[in-house]
Amino acid sequence: MDPQESETEMSDRKSKHPNKKALGDLIDALNEDLAREFQAIIAYTVYSNTLSGAQWMNIAGELKLHAAEELQHALIIADQIDYLGGMPTATPKPVKLSKKPEDMLRFDLDNETETIGNYSRRVKQAEALGHYALAEKLRKIIAQEQEHQHDLATALGIDVPRVLAEGA
Ligand SMILES: [Fe+2]
Ligand SMILES: [Fe+2]
C-alpha cells in the first residue's frame, strides 16, 4: 500500500471521528486508574494488618477504612469504563512491601499523591468529551483521596505534598 495514501486515509478517519481517539484514550486512562485502585485496596488491606507498634494503632484502623473506600472507587471506575464501552482491567499495579511502618505509609502517601494528579487530569479529559457526570464522580473520588493523603501525612508527621499546579 502507498504509505502516503494510508496517511491521508488515516487523517480522514480522524476528522470524521475526532472524539473516537479521545474516548479510547479516556478508557485506557481509566483502566490505569482502576489498576491503581486495585493496588490501593491490596496495599491498605495488607499494611493495616502488618503495622505493628502502639503508635500505629490509630492509623492501622484508618487504613482499613481507606481499603473499603478504594473498593468503592474501583466499583465506580469499572462501572464507568463499562458504560463508555471499554473492558475493565483485572490487573492491579504492583504493591511494594516493607517491614518498616514508615515505609508502608510513605508508599501509600506517594500513591495517593500520584492518584490525585491522575484523577485531576481525568476530570479534564472527561469534560472535554462532554462526560460531565463522570467528571462529577471523579471529583468526589478526588475529595476522598485527598482525605487519605491527609491521614497518611499526619501519621508520618509531615506536610501534605502538593499535587499539581493545574488543580482539579
Ligand atoms: Fe481510590
Ligand atoms: Fe486513596
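As the structure is a computational prediction, the values presented were derived from the model and not from experiment.

**Remarks on the overall build of the chain**
Working step 1: When helices and strands are tallied, the chain shows five helices and zero strands.
Working step 2: Counting helices and strands in the order they occur from the N terminus, the chain gives α-α-α-α-α.
Working step 3: Counting all 168 residues of the chain, 36% fall into the buried class.
Working step 4: Accessible area of the chain: about 9,900 Å², with a carbon and sulfur share of 54%.

**Overview of a nonpolar patch on the surface**
Working step 1: Where nonpolar side chains cluster on the molecular surface, the patch consists of Ile 42, Val 46 and Leu 97 and spans about 260 Å² of accessible area.
Working step 2: Within the secondary structure layout, Leu 97 lies in the loop between α3 (57–83) and α4 (101–128).

**Re the side chain of Glu 145**
Working step 1: Within the secondary structure layout, Glu 145 lies in helix α5 (residues 132–156).
Working step 2: In this structure, Glu 145 is buried with no salt-bridge partner, the nearest side chain bearing the opposite charge being Arg 36 at 8.4 Å.
Working step 3: Once residues lying within four places of it in the same chain are set aside, the contact partners of Glu 145 are Glu 37, Glu 70, His 73, Glu 112, Thr 115, Ile 116 and Tyr 119.

**Observations concerning the nonpolar core**
Working step 1: Judged by nonpolar contacts, the single largest core of 19 residues is most densely connected at Leu 30, Ile 77, Leu 134 and Leu 138.
Working step 2: Those elements that provide at least two residues to this core are α2 (18–50), α3, α4 and α5.
Working step 3: Ignoring any residue separated from it by four or fewer positions in sequence, one finds Ile 77 in contact with Leu 30, Leu 34, Tyr 119, Leu 138 and Ile 141.
Working step 4: If you look at the next biggest cluster of nonpolar residues, it comprises 16 residues, including Ala 40, Tyr 44, Ile 59 and Ala 60.

Calculation notes
Residues numbered from 1 in each chain as written. Chains lettered and ligands numbered in written order. Predicted model: local features only at pLDDT ≥ 70, side-chain atom pairs only at ≥ 80, totals over all residues. Heavy atoms only, no water. Helix = DSSP H or I, 4+ residues; strand = E, 2+ residues; numbered from the N terminus. Buried < 20%, exposed > 50% of the residue type's maximum accessible area, 1.4 Å probe, protein only. Areas by Shrake-Rupley, 256 points an atom, 1.4 Å probe, with all protein chains shown as cover. Patch = residues over 30% accessible without salt bridge, like charges linked within 9 Å, V, L, I, M, F, W, Y side chains within 5 Å. Salt bridge = Lys/Arg side-chain N within 4 Å of Asp/Glu carboxyl O. Lys, Arg positive; Asp, Glu negative; His and termini not counted. Contact = heavy atoms within 4.5 Å. Core = buried A, V, L, I, M, F, W, Y, C linked by side-chain atoms within 4.5 Å.

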